[in-house]
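Spelled out from the first residue to the last, the chains are:
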Amino acid sequence: MISLLCFSFSWEWLLLFFLLQARVVALGNKHFVACVFSFTCFFFAYCILWNHSLQQKVFQNKMEIINNEIILEPDEYQINGDLLKFSGLWTEKKQKVQAYYRIATKDEKKTFSEIDAATKLVVTGRVEQILPPTNENQFDYQKYMRSKKIVNAVQVSKLKVSNNPPKLGKAARIIAATHSLRKKMINYFAKLPAPLDGYSQILLLGYYAPSFSTQLEQINKLGLLHLFSLSGMHIFYLLRTIRFILGYMHITRETCENMILFFLPFYAILGGLSSSLIRAVMMSWLMILSSKYFDNGLDGVEAESVVLILNLLYSPELVHSMGAQLSYLLTFVLMMSRKTSNLKLGLKMNGYSLPLVLWHTFRWNMLTTFISILIIPLFEWVIVPSVILGALFPKLSFVFNGILFWITKGIEVTAKLPANFVFGKPPLVFVLFWIGLMFALEVVKNKKKIYLLGFVSYFLVGVMIKMPLRDEIVFLDVGQGDCTLIRRRFNKEVTLIDTGGKLSFQNKSWQKRHGKSNGETVVVNYLLSKGISKINWLFLTHQDTDHVGNFPIISQLLKVEKILVPSGMEKNFSFKKRLVKSANKEQDVIPISTEKVKQIGQYKILHPFGEGEGKNESSIAVTTVLNKVSVIISGDLDKSGEFELCKRNPGLRTDILKNGHHGSKTSTSEGYVEQLQPKLAIISAGRRNRYGHPNQETLETLRKNKVGYLNTAEVGMIKVIPIGPNNFKIETGKNLNAR
């Protein structure tokens, strides 16, 4: 029941409250409280029913299916290397599902890429619920898919494209034809020269092309993503451009409005039906329709309130996303600031968006305010017209593509400037407080106190995030791999031991997948959320990809001061290759062994004893103490290495033992555990991993010595907080994300 309460009282309530309050106060309505209370009671009951109906569709246990049918729309699939990812209607259970299939051959990949109409797929595989995030502040894919009313995923083992087209009703055929048109338009825009192709797809169709990912990342880095796609604001400029073009063609205003009314619903489908696009399209449609048939049509705030309510009724979880939050909030700001100059409008929009951007991305580009003021007129009068005209008149595309090319170059150069400030994730109460301060600025006469309060609160929250009062050891859930963060109070020393990484079995060029690694989505994301932009020590225990594969991307996104590797690994070809891809140089690498180095910072070096090749038997083993709680981490060190380590350190003990080699039987020998006498063992392993980790022999060794253990495959991230001599508190991914 508590989770349902938390579910109901969320961002949608805050946004709805502000919109209703602004409108009712403007009208001088004395029944504001009663209206809000009545709607709150109704919507709370509705949320419970909506949540219950979704839960009824969830498969709590895995289910095998054979030759089931999924109806696929042509614009709802993506091919990434040998991975086919798609969503479709599972006809047997009458629900939408997310599906994944590993493509077997190059010809099969070509067949899938040519699908441009509604298609029936016959699938065999395993159905299971979409799981929540397992690391603190990790992107919540489960919640994202729930906003699309999808709660289950299908891991497809066999897939066949049926020769029989799906049986659809009249309305469904019209929608399917619109999806088919969208797919053909995506393919058409893809043939335009770059970067016009990417701008056309994202602005006109809401489609993120892989080839445009670099430019999109640069736009995002400058804090301008809401302008290009995230908030649906581009619809406002798109409609203005259409009206200008039709007016230039001497088409009457009434005919123009009728054409837009007919066009907008189909454009919502063409644009990908994102929550922000639906908001923009429905608002425009309602305002045009109401002004056409009523003397006093809906104004912007009224239309936005109606659309928000309809959006919530369709899917309450739609507005958990950053896009929906920025969409409703910034649109409201625009409507309430029609007479404001571009300079003041830019400052105001940045003030409103800053709390939300920090909440979702944990950082802020200090150039965003200045750039957004300059780019709004550029976006309206240059970018949008260039995209539309370049797409409509391909023979002139070279002209408009040239304009967009130089704008993209400017964005690229600006994005490379060292202006990104890592703030961290602020507490939710302060996010609400800062948005409240921005609203207070609209009505309060003495604005100096508000500015002072805002500045002081941002400063104090930033200090609170960046200067934690406690030590922590975090065993991140990176699947079948290892990554441990150790940070001391006040961030005096930040250490990362291994980085995780995924082994790739795609050998041919057509099989290679492109996308973000969990080094970025999990490791860097967590560090940024804690206000960390610099790693003092990076230990790479040995050369295996599941321990060091994410090293290059982490070093590109965060500053790494020193890299410590087992002596001899610095000569390894695979390590040198990774070092070249990283942002670090050879002088940043320190080879270590006990014969050369006994101590690095607060870490005592236990292994290796001499030079090796960076293999398992050469793994670095270190121990350190935080608030009188000791921990030992030893990579994939084998039993013979553990035996020698104990022999050389007969008095060695520990409170927390990081099991070697993911709980494999090649590590964690009985003598090792008997001597160390740990209170807790940590196993880092992937769910349903092919190696059978952790091995039952290892678990039996721990049970025999009465050592409790936690496995990241079962509980997600494991956070250990030392609270005194041999005493610590444990938090796991499940309760961390429940906050």
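Residues numbered from 1 in each chain as written. Predicted model: local features only at pLDDT ≥ 70, side-chain atom pairs only at ≥ 80, totals over all residues. Heavy atoms only, no water.

### Focus on the pattern of salt bridges
Rules: By convention in these notes, a salt bridge is any Lys or Arg side-chain nitrogen within 4 Å of a carboxyl oxygen on Asp or Glu. Using a 1.4 Å probe on the protein chains alone, a residue whose accessible area is under 20% of its type maximum counts as buried, one over 50% counts as exposed, and one in between counts as partly exposed. Secondary structure elements follow DSSP: runs of H or I no shorter than four residues count as helices, runs of E no shorter than two count as strands, and numbering proceeds from the N terminus.
For the structure on display, the rule yields 30 salt bridges. Residue Glu114 is joined to Lys110 by a salt bridge in which the shortest nitrogen-to-oxygen separation is 2.6 Å. On the accessibility criterion, Lys110 (49% relative accessible area) is partly exposed. Glu412 is the salt-bridge partner of Lys409, the closest N and O atoms lying 3.8 Å from each other. Residue Lys409 and its partner Glu412 are both found in helix 17 (residues 397-415); the two are separated by three residues, about one turn of the helix. Residue classification places Lys409 among the partly exposed positions, given a relative accessible area of 34%. Taking the relative accessible area as the measure of exposure, Glu412 reaches 21% and is therefore partly exposed. Via salt bridges that share partners, Glu136, Glu472, Arg487, Lys530 and Lys719 belong to a single interconnected network.

### Comments concerning the packing of aromatic side chains
Definition in use: Planes of paired rings set the category: under 30 degrees apart is stacked, over 60 is edge-to-face and the rest tilted, where pairs are Phe, Tyr or Trp rings (Trp by its six-membered ring) whose centres lie within 6.5 Å. Over a ring means this: the NZ of a Lys or the CZ of an Arg is within 6 Å of the ring centre and within 35 degrees of the ring normal.
For the coordinates displayed, the defined rule picks out 14 aromatic pairs. By the ring-pair criterion, three or more aromatic residues cluster together here, those being Phe421, Phe423, Phe430, Phe433, Trp434 and Tyr458. If you follow Lys425 out to its NZ or CZ, it ends over the ring of Trp359, 4.2 Å from the centre. Taking NZ or CZ as reference, Lys466 lies 5.4 Å from the ring centre of Phe421, over its face.

### Some points on the packing of helix 15 (residues 342-361) against helix 16 (residues 368-392)
Quick reminder of the rule: Helix axes are fitted only over the stretch in contact, all axes being lines through C-alpha atoms; the angle between N-to-C directions runs from 0 to 180 degrees. These descriptions rest on fixed angle ranges, namely under 35 degrees for roughly parallel, over 145 for roughly antiparallel, 65 to 115 for roughly perpendicular, and the rest for oblique. By convention the crossing between two helices is left-handed if the near helix lies anticlockwise of the far one by an angle smaller than a right angle, and right-handed if it lies clockwise. We call two residues in contact whenever any of their non-hydrogen atoms come within 4.5 Å of each other. We call Asp, Glu, Lys and Arg charged. Ala, Val, Leu, Ile, Met, Phe, Trp, Tyr, Cys and Pro are nonpolar, and the rest, Gly among them, are polar.
Viewed as axis vectors pointing N to C, helix 15 and helix 16 meet at an angle of 130°, and their least axial separation amounts to 9 Å. Relative to helix 16, the element helix 15 is oriented oblique. For the crossing formed where helix 15 meets helix 16, the hand is right-handed. Contact with helix 15, carried on its side by Asn342, Leu343, Gly346, Leu347, Met349 and Asn350, involves Thr368, Thr369, Ser372, Ile373, Ile376 and Pro377 of helix 16 and no other residues of that element. Classifying every residue of the contact of helix 15 with helix 16 by side-chain character gives six nonpolar, six polar and no charged.

### So, the layout of surface pockets
Empty space among the atoms becomes apparent when a probe as large as a water molecule is rolled across them. In plain terms, the rule: The distinction between a cavity and a pocket rests on a 1 Å grid over the protein atoms alone: a 1.4 Å probe fits inside a cavity but cannot get out, while a pocket stays open yet meets protein on both sides within 12 Å along at least five of seven lines, and a residue with an atom within 4 Å of a point counts as lining. Grid points are joined across faces, edges and corners, and a volume is the space filled by probe spheres set on the points.
Computed from the structure, the second largest pocket encloses a volume of approximately 880 Å³. In terms of lining, the second largest pocket is formed by 32 residues, of which the most central are Phe236, Arg240, Leu334, Met335 and Arg338. When contributions to the lining of the second largest pocket are tallied by element, the ones reaching two or more residues are helix 10 (234-248), helix 11 (253-270), helix 12 (275-293), helix 14 (322-335), helix 15 and helix 16. It is helix 12 that provides the largest number of residues to the lining of the second largest pocket, a total of eight residues. Among the residues forming the lining of the second largest pocket, the class breakdown is 16 nonpolar, nine polar and seven charged.

### Details of the packing of helix 13 (residues 300-314) against helix 14
It is the contact of helix 13 with helix 14, at a shortest axis distance of 10 Å, that shows an interaxial angle of 170°. One finds that helix 13 runs roughly antiparallel with respect to helix 14. Contacts from Gly300, Val301, Glu304, Val307, Leu308 and Asn311 of helix 13 reach helix 14 at Ser327, Tyr328, Thr331, Phe332 and Met335. By residue class, the composition of the contact of helix 13 with helix 14 is six nonpolar, four polar and one charged.

### Considering helix 14
Note the cut-off: Working rule for helices: expected span equals 1.5 Å times residues minus one.
Helix length check: helix 14 (14 residues) gives 20 Å between terminal C-alpha atoms against 20 Å at 1.5 Å per residue, within 8%. For helix 14, the buried fraction is high: 13 of the 14 residues fall into the buried class.

### Let's talk about the sheet that holds strand 5 (residues 152-161)
Spelled out, the test is: The pairing criterion for strands is at least two bridges between them, as found by DSSP.
The strand order around the closed barrel built from five strands is 1-2-3-5-4, with neighbouring strands paired in mixed fashion. Along the sheet, successive strands turn relative to each other by an average axial angle of 50°, direction set aside. Of the strands in this sheet, strand 1 (63-80), strand 2 (83-90), strand 3 (95-102) and strand 5 touch helix 4 (residues 106-113), which is tilted by about 70° from strand 1.

### Remarks on the sheet that holds strand 19 (residues 680-683)
Read across the sheet, seven strands follow the order 14-15-16-17-18-19-20 without closing on themselves; strand pairing throughout is mixed. Where the open sheet ends on each side, the last strands, each with one partner, are strand 14 (599-600) and strand 20 (708-711). As judged from the three bridges shared by strand 15 (residues 603-607) and strand 16 (residues 621-626), these two strands associate in the antiparallel manner. Bridge assignment links Lys604 to a residue of strand 16, and that residue is Thr623.

### As for the nonpolar core
Put simply, the rule reads: Think of a nonpolar core as a cluster: buried Ala, Val, Leu, Ile, Met, Phe, Trp, Tyr and Cys residues, connected wherever their side-chain atoms sit within 4.5 Å.
Residues Leu204, Ile235, Leu238, Tyr267, Ile383 and Val387 are the most contacted members of the largest nonpolar core, which totals 42 residues. Mapped onto this core, the elements with two or more residues apiece are helix 6 (170-190), helix 7 (196-204), helix 8 (213-221), helix 10, helix 11, helix 12, helix 16 and helix 17. If we ignore the near neighbours within four places in the chain, the residues touching Leu204 are Phe189, Tyr199, Leu238, Tyr267, Gly271, Val387, Ile388 and Ala391. Counting 40 residues, the second-largest nonpolar core is a separate cluster that includes Leu326, Leu329, Val357 and Val461.

### Regarding unusual backbone geometry
In this model, Ala194 is joined to Pro195 through a cis peptide bond whose omega is 10°. The omega torsion of the bond from His693 to Pro694 falls at -5°, within 30 degrees of zero and hence cis. For Pro694, the location among the structural elements is in the loop between strand 19 and helix 26 (696-704). Of note, Lys706 is a non-glycine position whose phi angle comes to about 55°, a positive value. With respect to the element layout, Lys706 can be found in the loop between helix 26 and strand 20. Although it is not a glycine, Asn726 sits at a positive phi angle of roughly 55°. One can find Asn726 in the loop between strand 21 (718-724) and strand 22 (727-732).

### A word on a nonpolar patch on the surface
Filter applied, for reference: Each patch is assembled from residues with relative accessible area greater than 30% and no salt bridge, linking like charges that lie within 9 Å and nonpolar side chains (Val, Leu, Ile, Met, Phe, Trp, Tyr) that lie within 5 Å. What sets the accessible areas is the Shrake-Rupley method with a 1.4 Å probe; for residues, cover comes only from the shown protein chains.
A surface patch of nonpolar side chains, about 920 Å² in accessible area, is lined by Leu452, Phe455, Val456, Phe459, Leu460, Val463, Met467, Leu469 and Phe490. The topology assignment puts Leu469 in the loop between helix 19 (447-466) and strand 8 (472-475). Exposure remark for Leu469: the relative accessible area of 67% places this residue in the exposed category.

### Quick look at the side chain of Glu257
By the element assignment, Glu257 lies in helix 11. Not counting residues within four places of it along the chain, the set of residues in contact with Glu257 comprises Arg243 and Ile288.

### A short note on the environment of Glu586
You can see Glu586 is positioned in the loop between helix 23 (573-581) and strand 13 (589-592). C-alpha separation for the pair Glu586 and Trp434, spaced 152 residues apart in sequence, amounts to 45 Å.

### A word on the confidence of the model for the protein chain
Here is the rule: Per-residue confidence from the prediction method is given by pLDDT, with values spanning 0 to 100.
Confidence in the prediction for the protein chain averages 84 pLDDT; 90% of positions are at 70 or higher. Averaged pLDDT values over the elements of the protein chain bottom out at 36 in helix 1 (residues 2-8) and peak at 97 in strand 10 (residues 494-497). Here residues 1-13 is modelled with pLDDT under 50, and outside its nearest four sequence neighbours on either side it reaches 33 contacts, counting other chains as well. Contacts for the low-pLDDT stretch residues 23-33, under 50 throughout, to residues beyond four places or in other chains number eight contacts.

### Observations regarding the environment of Asn137
Looking at where Asn137 falls in the secondary structure, it is placed in the loop between strand 4 (119-129) and helix 5 (141-146). In this structure the C-alpha to C-alpha distance between Asn137 and Asn525, which are 388 residues apart in sequence, comes to 7.4 Å.

### Focus on the pairing of strand 4
With eight of its 11 residues buried, strand 4 lies for the most part within the structure. Relative to strand 4, strand 1 runs antiparallel, the two sharing eight bridges. By the bridge assignment for strand 4, Leu72 is matched with Thr119. Across nine bridges, strand 4 lies against strand 5 in antiparallel orientation. Counted as the bridge partner of Val122 is Lys160 from strand 5.

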